[in-house]
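Listed here are the chains, written in short residue letters.
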Amino acid sequence: MSTLILKNIHKSFGAVDIIRGVDLDIRSGEFVVFVGPSGCGKSTLLRMISGLETTSSGTISIRDRDVTHVPPAKRGIAMVFQSYALFPHMSVADNITFGLRLQHAGKEEIARKLTEIADILHLTPLLDRRPKQLSGGQRQRVAIGRAIVRNPAVFLFDEPLSNLDAELRVSMRVEIAKLHRRIGATMIYVTHDQTEAMTLADKIIVMRSGKIEQAGTPDALYADPDNLFVAGFIGSPRMNFLGGILEADGQVRLDCGATFRSGILPAPTTPSAPITLGIRPEHFTGTDEAGGTVDVRVDMVENLGGTRFVYGTLKSGQAVIVEDRSESALRDGASISAGFPARKALLFDAEGRRIRSSDTANAMAAQ
Amino acid sequence: MNDRYASATTSPSFNPWPAAIFVCLTVLAVLFLAPTIGVLLSSLKTTQDIALGKLWSLPTSLYLDNFATVLTNPAIHTYLLNTLLIAVPATAGSIALGILSGYVFAKLPFRGSDILFLAIVAGMFFPPQVILIPLFRLFNGLGLLDTLWPMIFVHIAMGIPICTLMMRNFFATVPAALREAAIIEGASEWQVLSKVALPLSLPALAVLSTLQFTWIWNDFLWPLIFTQSDDKRTIMLGLVFLQGQYSVAWGIQGALSLVASLPTLIVFLFFQRYFIKGMTMGAVKG
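Residues numbered from 1 in each chain as written. Chains lettered and ligands numbered in written order. Predicted model: local features only at pLDDT ≥ 70, side-chain atom pairs only at ≥ 80, totals over all residues. Heavy atoms only, no water.

**Quick look at empty space enclosed by the protein**
All names here are of chain B.
1) Next: Counted by the stated rule, this structure contains two cavities of 30 Å³ or more.
2) Next: Counted as a void, the largest cavity has a volume near 50 Å³.
3) Next: A per-element tally of the lining of the largest cavity places helix α5 (residues 74-107) first, with three residues.
4) Next: Here the residues of the lining of the largest cavity sort into six nonpolar, three polar and one charged.
5) Next: Tyr-103, Lys-107, Val-174, Pro-175, Leu-178, Arg-179, Val-192, Val-196 and Ala-197 together form the lining of the second largest cavity.
6) Next: Looking at the lining of the second largest cavity, the elements with two or more residues in it are α5, α9 (176-184) and α10 (189-200).
7) Next: Take the lining of the second largest cavity: its biggest share by element is three residues, from α10.
8) Next: Residue composition of the lining of the second largest cavity, by class: seven nonpolar, no polar and two charged. (1 Å grid on protein atoms, 1.4 Å probe; cavity = no way out; pocket = protein on both sides within 12 Å on 5 of 7 lines; lining within 4 Å. Points joined across faces, edges and corners; volume = space filled by probe spheres on them. Helix = DSSP H or I, 4+ residues; strand = E, 2+ residues; numbered from the N terminus. Nonpolar A, V, L, I, M, F, W, Y, C, P; charged D, E, K, R; others polar.)

**Concerning the environment of Tyr79(B)**
Residue and element names in this part refer to chain B.
1) Next: The topology assignment puts Tyr-79 in helix α5.
2) Next: By relative accessible area, which is 4% here, Tyr-79 ends up buried.
3) Next: Placed 158 residues apart in sequence, Tyr-79 and Leu-237 show a C-alpha to C-alpha distance of 8.2 Å.
4) Next: The contact partners of Tyr-79, leaving out residues within four places of it in the chain, are Asp-230, Arg-233, Thr-234, Ile-235 and Gly-238. (Buried < 20%, exposed > 50% of the residue type's maximum accessible area, 1.4 Å probe, protein only. Contact = heavy atoms within 4.5 Å.)

**A look at the environment of Met151(B)**
All names here are of chain B.
1) Next: Along the chain, Met-151 turns up in helix α8 (residues 149-173).
2) Next: Under the relative-accessibility criterion, Met-151 is labelled buried at 0%.
3) Next: Taking the C-alpha atoms as reference, Met-151 lies 6.6 Å from Ile-86; in sequence the two are 65 residues apart.
4) Next: What Met-151 contacts, discounting residues up to four positions off in sequence, is Ile-86, Trp-222, Pro-223, Phe-226 and Thr-227.

**Quick notes on unusual backbone geometry**
All names here are of chain A.
1) Next: Of the consecutive residues Ser-236 and Pro-237, the connecting peptide bond is found in the cis state with omega at -5°.
2) Next: The residue Pro-237 is located in the loop between α9 (228-233) and β11 (240-246) in this model.
3) Next: One non-glycine residue with positive phi stands out, namely His-122, at about 55°.
4) Next: In this fold, His-122 is placed in the loop between α4 (107-120) and α5 (136-148).
5) Next: Unlike most non-glycine residues, Glu-159 shows phi in positive territory, near 40°.
6) Next: Here Glu-159 is to be found in the loop between β7 (154-158) and α6 (166-183).

**Things to note about the packing of aromatic side chains**
1) Next: One pass over the full model with this rule turns up 17 aromatic pairs over all chains.
2) Next: Look at Phe284(A) and Phe340(A): their rings are 5.9 Å apart centre to centre, the planes differ by 85°, and that puts the pair in the edge-to-face class. Linking Phe284(A) in the loop between β14 (273-279) and β15 (291-303) with Phe340(A) in strand β18 (residues 335-341), this pair joins segments that are 56 residues apart in sequence.
3) Next: Overall, Phe284(A) belongs to the buried group, its relative accessible area being 5%.
4) Next: Note on Trp222(B) and Phe226(B): the rings are 5.6 Å apart at their centroids and 10° apart in plane angle, and the pair reads as stacked. Separated by four residues within a single helix, Trp222(B) and Phe226(B) lie in helix α12 (residues 221-226), roughly one turn from each other. The pair formed by Trp222(B) and Phe226(B) is uniform in burial state, with each residue classed as buried.
5) Next: What links up through ring pairs into an aromatic cluster is the set Phe139(B), Trp149(B), Phe153(B), Trp222(B) and Phe226(B).
6) Next: Taking NZ or CZ as reference, Arg146(A) lies 4.9 Å from the ring centre of Phe87(A), over its face.
7) Next: A cation sits over an aromatic face here: Arg280(A) above Tyr222(A), 3.8 Å from the ring centre. (Phe/Tyr/Trp six-rings, centres within 6.5 Å; stacked < 30°, edge-to-face > 60°. Lys NZ or Arg CZ within 6 Å of the ring centre and 35° of its normal.)

Following this line, the structure appears as structure tokens:
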């Protein structure tokens, strides 16, 4: 069952279009993450769903009810802000029950829900404190408590972890994931951090310039991106992009001189089409697999303990990152051969669109 | 600051700045306090003592008759009551209007609101003398002369610019996310103001209340223009009209001056505990 449906949503401030035609269908209980670079419109889209921003055109419906022009409080949503937005003059308990008290809920009901929420979020010993007496992580938990106490249809999170330090961010991320599993609510989460997106989401929506570039599961976006932007945005370190040409016979000739057979034939009208080859750092292996091999001059080695990333340059001058799990010694300035399997090499056309192998194309056509 | 003191105690070189600042502040404090001390001293002296010209000497005996005379004079009771009847509603009224307009300018801007805000604040720069005659004619036409109403209306109106300016600037520091969070929780704009923005504005309200109350309490011009009969006078007029025709009872004047300034002092002492900073701390990351 769908909880939230967006149909052809537009938003403009004066002559500037911020959101340019977004269609989205979010199922009940899904954890959806909007991700994209600054200014891509992801926060605006979230604020439009919340009702804090008006919608220029299109419709928003929550649980089959058109809420496009319904005030925020009546949409059945709750929001957790980046800055926590706790009321500084109220205790933790008053902050959490603020909405219930505005609705004139009964004292017993308020007390029962408060106990329940405080228990879930481990806030019981802190209920009488003021926000300024709490740590960043505790404040964020209070903000989440204030959101879940009203039992909304959709939770909105606007970059909730970006004010926390790195360590706390990881542990809060795990807590949010656990919370989602526990209460099973529909959650929409905005972040610019693709790691958060990958670890939390059931579905990732990658946005750019007010449009959805691709929506799908984290695995699908990682392994099967639709275009160069998504391929480059998801994954850390980012995917390597190497220029080259796709010959009529399916042979790929890279700018650095390497060649390999891709199994993809270009459209008959464009033999020798310029392409970009995308290959993730971890997909470079030894030289033994069928595929291409590039010669890399080592500029710097980043050793992470379990693995290491080699930052190098190809003959063509292009920078490339290779993950290297071998334990051989590597000096700066050394030369290595990095091979990659053809099936892991993604091809993108001159416009940045993915060129899929005919197998994939057939499979998609059959669906 | 701490570093400066630390270096002053550890290093042998003498830092003249703290000493110079201390001397300057002491001189300023004495200059500001001198008139009050003079009034206090004269209020404790007999007319004879004062007539001998020993204004700055300590009184020969603790003479409290001046205060007794002032406090038992029924006319002064009326003056004090009249002033209170003007100052309290006018302070409350101007601040209430300032809160409403300040909130709109800070949180609900509309097309042209900046210009309207400037126009309102510009009201502070009009000297009251400019509108003196029109206002006199207006209240005369309304039949309100020689009542307390003109002072109440005029002080509310003349307080709007400063109250709007201060409240708008204070509300502007209340994070927008707090308002949005309250709205999502189901608060109306009025509830955002009364349950979130105002409780956070106690420091601003305390400063404004003190300023407005003192200004209205000490006002001399408007009561002088709008009142005629003795039972409508305010305390500041009373201070002047208490002078004898041929002589000035300096002792009684001094005592009355002190009594007249007590309420503003009380207001300040009452509100000063709200003069605390950091009310918004912890609201957002900071």
